[in-house]
Amino acid sequence: MVELPPTGTPRPGVAVKKREICALILAAGLGKRMLSRESKLVHNIAGRPMVRHVVDAARAANVSRTVVVIGSQADEVRRAVGDGDKRIGFAYQKDPLGTGHAVLSAERQLAGLQGDVLILNGDLLALRAETLVAFVEFHRFSRA
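Residues numbered from 1 in each chain as written. Predicted model: local features only at pLDDT ≥ 70, side-chain atom pairs only at ≥ 80, totals over all residues. Heavy atoms only, no water.

1. Considering the overall build of the protein chain
Let me state the cut-off plainly: Helix and strand assignments follow DSSP, with helices taken as H or I runs no shorter than four residues and strands as E runs no shorter than two, numbered in order from the N terminus. Two residues qualify as a contact provided that any one of their heavy atoms is within 4.5 Å of a heavy atom in the partner residue. A 1.4 Å probe and the Shrake-Rupley method give the accessible areas. Residues count as covered only by the protein chains that appear here.
Tallying secondary structure elements over the protein chain gives 5 helices and 6 strands in all. Ordered by position from the N terminus, the helices and strands of the protein chain form the series β-β-β-α-β-α-β-α-α-β-α. Long-range contacts, defined as pairs at least 24 residues apart, comprise 70% of the intrachain contacts of the protein chain with a sequence gap of at least 6. When the accessible surface of the protein chain is summed, it comes to about 8,600 Å², and 54% of that surface belongs to carbon and sulfur atoms.

2. Thoughts on the side chain of T66
For the record, the criterion: We call a residue buried when its accessible area falls under 20% of the maximum for its residue type, exposed when it is over 50%, and partly exposed in between, using a 1.4 Å probe and counting protein chains only.
Residue position: T66 is located in strand β4 (residues 65–70). Relative accessible area serves as the criterion here: at 8%, T66 is assigned to the buried category. Those residues in contact with T66 that sit more than four places away from it in its chain are A23, I25, R87, I88 and G89.

3. Concerning the environment of A61
Among the structural elements, A61 can be located in the loop between α1 (50–60) and β4. When its relative accessible area of 0% is taken as the criterion, A61 is described as buried.

Here is the structure:
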C-alpha cells in the first residue's frame with residue numbers, strides 16, 4: 001500500500017490531522033460504443049474485470065472508503081467489483097442523467113466524510129496507485 005499524505009504543510013511542533021480520502025468510482029454508464037449486452041466495465045482485461053483495476057488502484061493508494069456508483073446493469077457490475085467486500089459501498093443511479101447526477105447519487109454514502117473525494121471513471125485501466133497518491137499530494141500541497 002502507498003500512504004496518502006496528510007493535509008497541508010505542517011508547522012513545527014503542530015500535529016497534522018490526517019484527512020480521509022474516498023474513491024468514488026463511476027460505473028453506471030451503459031457503454032453503448034462497446035456494442036455488447038454486458039456493461040463494458042465487466043469485460044475482462046488482463047485477467048480482471050475492467051472496473052476491478054480501478055478499485056484495486058484505489059485500494060493500493062490506501063483510500064479510506066470506496067464507493068462505486070452503479071446503474072442499469074447493477075448486478076453484474078456489483079459482482080465484478082466484489083459485492084461481498086465490506087470495504088466497498090455502492091450507490092445506485094436510477095436514471096443515467098450524466099456524471100454530475102452520478103456523483104449526487106452517492107451523497108448518502110459520502111455523508112460525514114471529513115476529507116477529499118477522488119472521482120474516478122470505472123474504465124481507467126492504466127490508473128496506478130502512485131498516480132492517485134501524487135494527485136492527492138499535489139492537491140493538498142496547493143491547498144486547492
